[in-house]
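This is what each chain is made of:
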Amino acid sequence: MIHERMLIGGKWVRSKNGDVMEVVNPAAGEVFAEVPLAGKSDVEDAINAADSVFSSWSRMTPFERGKYLRKASELVLKRSEDIARLLTMEQGKPLAEAEGEVIKGANILRYYAEEGERIYGRIIANEEPGTGSMVIYQPIGVAAAISPWNYPIELLAWKVGAALAAGCTLVAKLPSETPLSPLAFIKCLADAGLPDCVLNAVTGPGAVIGPVLIGSPVVKKIAFTGSTEVGREVLKGSAETLKKVSLELGGSLPMIVCKDCNLDAAVSGAVRRSFRNMGQICIAVNRIYVDFEIYEEFVERFAKATEKLVIGNGLTDKCDLGPMCTPAGVEKTISHIQDAVEKGAKVVCGGKRPEGAKFEKGYFFEPTILRDVNHNMLVMREETFGPLAGVMPFGTLDEAVELANDTRYGLAAIVFTQDISTAKRLCRDIAAGNIAVNNVDAGVINAPYGGWKDSGFGFEHGPEGLYEYLHAKHIRIRYL
Ligand code: NAD
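Residues numbered from 1 in each chain as written. Predicted model: local features only at pLDDT ≥ 70, side-chain atom pairs only at ≥ 80, totals over all residues. Heavy atoms only, no water.

A. Up close: the domain arrangement of the protein chain. Split by domain assignment, the protein chain resolves into domain 1 (2-249 + 455-476) and domain 2 (253-444). Taking only C-alpha atoms into account, the centre of domain 1 sits 31 Å from that of domain 2. Domain 1 puts 28 residues into the contact, and the matching count from domain 2 is 27 residues. Both sides of the domain 1 and domain 2 interface together cover about 2,200 Å² of buried area, and 55% of this is carbon and sulfur. Looking only at domain 1, the three residues that lose the most surface to domain 2 are Ala27, Trp149 and Ser455, adding up to 23% of its buried area. (Domains from an automatic or database assignment. Contact = heavy atoms within 4.5 Å. Buried area = accessible area lost by both parts, 1.4 Å probe.)

Written out as structure tokens, the structure is:
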């Protein structure tokens, strides 16, 4: 049994009242670790700690701050195998993918160490002779990060990297289902010599910790990644203290497959983006619209490739897919399949839990494709956040766009076509913050990543992600 502590004011501590929260291995459905269950006063201590060093941290040069981030990045790489094991044990993803995520986390810290050095202002000419304007950017204050369990290191790294590089101090609320690997990641920052109190990490339920962070007048910015429903609560709660808020919320990703596409690339892209991490990705493909001329061929090839995916225990088996992270995720996937089948959809492959002794206790599910779906079905309108994709044909590009835009979400979309004019038109008309053309990886760390509609607002990644933690200040000078 692993017993971990949280980081408050430079010390690794238990919760004041001694309460703990259990961590479950989703491949076995068994508890294997405990972390502190923070109460209100623990969270207040973390906020006060972050506040106590804001002045000194924010006045350091970005070059000095960058040194800590670079050192931490190196430590993350050195410890990547151990951190990845924790990540697989608590989240379920195959070890190789877990290690990939940890390495990404290290690269994000290095990227923001560099981007911090590129916080530029502006010199602006004035109409009146002898006067001029300057715009400078300054850190906003104590920030809070709230992130989910599907990519617990990567999503935390976006926030830690940008906040610290900008000169903010931070309280991170770690995901309840997967607190161990983020704690190990945060330990790298502490061990890199980051001054005490600059970064604090609390573990425990969002419903307890969230309101304390959101309600605090000391916290000036909340970076939230999670569901649209909780995001809405975060925004409402932040109104009282008028915090700056960025919300990276749910998605229901459309993929449009045109008849002139490279079908091999479209099929392998659909497999990867529908089922990787068991579909527990905000930019997982939920719904695929295929030109009716190639619909049958696409469905057949998509199913064939999906059936080759190997499900297993991410820690011990060489596999493509591990278990889902929570039993609730399995139940939601089943409910979306049932809803679609009742309304006329057909299961092309998957649709059930895998059989065999090794799958009995964990939260396993087969990657599932539905055909003959329509927009009265949950799978085509709501986020499943599970290994489920619906496929339906389209006739014209107008129809494809209308279907793609027919949900409340607007996080990202994927387009496969070899016609540049078609690509341009789809990129113009699809209402989403990110579009991938002939690839399925819509996010890269040095370009802005943010949602439209119910997928939220504000940015992570790139300079835009950094400026979320900065205030602009206009200075007008009359030169004497
Ligand atoms: P969630 O909204 O339930 O939880 C997210 C985080 O918020 C967790 O740390 C949770 O403990 C915390 N939380 C819960 N209640 C809270 C409250 N009242 N106040 C403040 N914080 C609270 O989401 P989840 O189920 O953990 O994650 C899955 C969701 O995250 C999906 O909808 C997915 O699309 C979304 N997501 C979005 C992105 C993106 O970049 N847009 C990335 C990953 C995941």
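Back to the text.
B. Highlighting helix α4 (residues 80-91). Between its first and last C-alpha atoms α4 spans 16 Å; for 12 residues at 1.5 Å apiece the expected length is 16 Å, and the two agree. Among all positions of α4, only Ser80, Ile83, Ala84, Leu86, Leu87, Thr88, Glu90 and Gln91 are buried. Buried residues belonging to α4 abut β1 (2-3), β4 (20-25), β5 (30-36), α3 (62-78), α5 (95-116) and α7 (180-191). Positive backbone phi, at 105°, marks Gly92, one or two positions downstream of α4. (Helix = DSSP H or I, 4+ residues; strand = E, 2+ residues; numbered from the N terminus. Expected span 1.5 Å × (residues − 1). Buried < 20%, exposed > 50% of the residue type's maximum accessible area, 1.4 Å probe, protein only.)

C. Representation of unusual backbone geometry. With phi around 55°, Met278 is a residue other than glycine that occupies positive phi space. Considering the arrangement of structural elements, one finds Met278 in the loop between α10 (263-275) and β14 (285-291). Within the chain, Lys453 stands out as a residue other than glycine whose phi angle is a positive 50°. Here Lys453 shows up in strand β21 (residues 452-453).

D. A look at the sheet that holds strand β19 (residues 412-416). Reading across from one edge, β15-β16-β17-β14-β13-β19-β20 is the order of the 7 strands in this open sheet, with mixed pairing throughout. Bordering the open sheet on either side are β15 (346-349) and β20 (434-437), each of which pairs with just one other strand. In this sheet, adjacent strand axes meet at a mean angle of 25° when their direction is disregarded. Here β15 pairs with strand β16 (residues 368-371) via 3 bridges, running antiparallel. Within β16, the residue paired with Cys349 across the bridge is Ile369. Where helix α14 (residues 420-429) meets the sheet, its contacts fall on β13 (253-257), β19 and β20, and the angle it forms with β20 comes to roughly 165°. (Pairing = 2+ DSSP bridges. Axes fitted to C-alpha atoms, helices over the stretch in contact; angles between N-to-C directions.)

E. Just the side chain of Lys221, in detail. As for its position among the elements, Lys221 is in strand β11 (residues 219-225). Its relative accessible area of 0% is what places Lys221 among the buried residues. Side chain to side chain, Lys221 and Ser246 meet in a polar contact 2.7 Å long. With near-sequence residues (within four places) excluded, Lys221 lies in contact with Ile140, Val142, Ala143, Ala144, Lys244, Val245, Ser246, Glu468 and Tyr469. (Polar contact = N/O pair within 3.5 Å; in protein donor to acceptor, adjacent residues only side chain to side chain.)

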